[in-house]
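What follows is each chain in one-letter form.
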Amino acid sequence: MKLLASVGFAALGLASGLALGLGGAQAETVKIGVVLPYSGVNADLGNQMDKAFDLYVKLHAQDIAPHKVELVKRDEGPPSGAAAKTVVTELITNDKVKIVTGFSFSPSAIAAAPVVTQAKVPMFIANAGTAWITNLSPYIVRFSFSMWHHGYPMGTYAAQKLSCKTAAMGYTDFPPGKDSTEAFKTGFEKAGGKVVDAIPMGNPAQVPDFTPFFQRVKDEKPDCFYVFIPSGAHAAGIVKTYGEVGLRAAGVKLIGPMDVVPDNKLQDMGDAAIGTVVMGNYAKDLDNPGNKAFVKAWYESYAKDTSPDFMSAAAYDTMAGIFHVIKTLNGDLSDGAKVVEAMKGWKHNGPRGDISIDPATRDIVQDERAEEVIRKADGKLGIKVLGVVPQVKDECKELKLGRCGQAVN
């Protein structure tokens, strides 16, 4: 009788253990590989995104309990893509990360695409904007923007609202620069404008002397000068040169994507920046609940002389997407295809407002805003929203242009 009782209790204990194992959540520590430029002339870009990743994890750790995330950080290196391909391989094979994220530069994401495809490890892009990157692998999801998100509506807006009948274009000579100017030209000429020049202005690895390029535009006398550069130090150089060469006095309006006037560089740009009109999805001055909470948390966590910018906002939303996947899949990210599937159609309200992931393209859908740089009442530079283009998809893919129309590899 005693033996039977012991067996009965043992069986009950085993049954209870099985029930707990099936119904309860096993705590997982999910390793996420972060690939950003932590050194060199573009380190400030990596710093903006790195701060946002860390801030989201700090504020939302309990949202995925009992699971945890571990961010394994690696230097993206120069914007050639070579270093990024190496570190992504190491993160997957040695560190066993379940997702790789970051990628300031398009060449980095392009070079790493075959690696994540072979390993079936998702890449969550937090910045790189060349439109056709998401066509390189079914394991890529983008949370930032395509160059077409800004460039195409900027072309339409410049022609219709800014009285730009003619425009010159200047761009940093790498894939996003060519993509951005193609997007602007397509929208601009469709709306009746005429592009009179397209000027390659150096590479992203170093900030060139922009003076000869701007003088060339001044001599051509277009109504507007559309500029794309990889933000950061390049942006400061653009606005400084615009003022020194005297393009505003010559009647040439400076326009571009939001990269031209990032919030973390804006206060140092001075009066030369005032009147610049950009198209973008974010500015620190946006008046919505998600952004107010984000900016407040940023300043509570970081020095007052720092500022979140569009890269920070996209990185913050990228980490929100990662947390969504962890919660949805109960910490089990071993199947990369399931991770990507969990992101298709995802909707979120963050610093940029309402965003979603297009299930057909795995690319971001978001509001685009025409933003003008102004001097605010407190004496600081800021932005005024001139107009909103709601819930914009990547027009390159919508039109199936060039590599945007190719099937996913």
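Look a little higher up for the structure.
First, a word on scope: everything that follows refers to the structure included in this document. (Residues numbered from 1 in each chain as written. Predicted model: local features only at pLDDT ≥ 70, side-chain atom pairs only at ≥ 80, totals over all residues. Heavy atoms only, no water.)

**Digging into the state of the cysteines**
In plain terms, the rule: We call a pair of cysteine sulfur atoms a disulfide whenever their separation is within 2.5 Å. Comment: elements are numbered from the N terminus, with helices defined as DSSP H or I runs of at least four residues and strands as E runs of at least two. Throughout, exposure labels follow a simple rule: accessible area from a 1.4 Å probe, protein chains only, divided by the maximum for the residue type, with under 20% read as buried, over 50% as exposed, and the rest as partly exposed.
The full count for this structure, using the stated rule, is two disulfides. The partner cysteine of cysteine 164 in its disulfide is cysteine 224, sulfur to sulfur 1.7 Å. Of this pair, cysteine 164 sits in the loop between helix H5 (147-161) and strand S6 (166-171) while cysteine 224 sits in strand S8 (residues 224-228), and the two are 60 residues apart along the sequence. On the basis of relative accessible area, cysteine 164 is assigned to the buried category, the value being 2%. Judged by relative accessible area, cysteine 224 falls into the buried class, the value being 0%. Shown here for the protein chain is a disulfide pattern of 1-2, 3-4, where each number marks a bonded cysteine counted in sequence order.

**Focus: the packing of helix H7 (residues 211-220) against helix H8 (residues 232-245)**
Let me state the cut-off plainly: In this description, a line fitted to the C-alpha atoms serves as the axis of each element, helices being fitted only across the stretch in contact, and the angle between N-to-C directions of two axes falls anywhere from 0 to 180 degrees. Relative orientations are named as follows: roughly parallel for angles under 35 degrees, roughly antiparallel for angles over 145 degrees, roughly perpendicular for angles from 65 to 115 degrees, and oblique for any other angle. The crossing is said to be left-handed when, going from far helix to near helix, the turn is anticlockwise and less than a right angle, and right-handed when the turn is clockwise. Should any heavy atoms of two residues lie within 4.5 Å, those residues are counted as being in contact. Amino acids are sorted into nonpolar (Ala, Val, Leu, Ile, Met, Phe, Trp, Tyr, Cys and Pro), charged (Asp, Glu, Lys and Arg) and polar (every other residue, Gly among them).
At a minimum axis separation of 10 Å, H7 and H8 run at an interaxial angle of 50°. As far as their axial angle goes, H8 and H7 are oblique. Classified by chirality, the crossing of H8 by H7 is right-handed. Touching Thr211, Phe214, Gln215 and Lys218 of H7 are Ile238, Thr241, Tyr242 and Val245, all from H8. Residue composition of the contact of H7 with H8, by class: four nonpolar, three polar and one charged.

**Things to note about helix H12 (residues 336-343)**
Quick reminder: α-helices carry 3.6 residues per turn. Residues three or four places apart thus point the same way. We count it as follows: Here the arc refers to the directions that run from the helix axis out to each C-beta atom. Pairing of N or O atoms within 3.5 Å defines a polar contact, subject to two protein rules: one partner must be a possible hydrogen donor and the other a possible acceptor, and residues neighboring in sequence count only if both atoms are side-chain atoms.
Within the span of H12, buried status applies to Gly336, Val339, Val340, Ala342 and Met343. Buried residues of H12 fall within an arc of 160° about the axis and therefore sit on the same side. Seen from the buried face of H12, the exposed residues on the opposite side, beyond 90 degrees, are Lys338 and Glu341. Those residues of H12 hidden inside the fold are in contact with strand S3 (99-102), strand S4 (123-125), strand S5 (140-142), helix H11 (310-328) and strand S12 (353-357). The backbone nitrogen of alanine 337 lies 3.0 Å from a side-chain oxygen of the residue at the head of H12, namely aspartate 335. Just downstream of H12, glycine 345 is the residue with a positive phi angle, here 85°.

**As for the sheet that holds S3**
This is how it is decided: At least two DSSP bridges between two strands are required for those strands to pair.
Read from one edge of the open sheet, five strands run S2-S1-S3-S4-S5, paired in parallel fashion. Each edge of the open sheet is held by one strand with a lone partner, namely strand S2 (68-75) and S5. Taking the axes of each pair of neighbouring strands and ignoring which way they run, one obtains an average angle of 25° across the sheet. As paired elements, strand S1 (residues 29-36) and S2 share eight bridges and run parallel to each other. Within S2, the residue paired with valine 34 across the bridge is lysine 73. Each of S3, S4 and S5 touches helix H4 (residues 106-119); the most contacted strand, S4, lies at about 160° to it.

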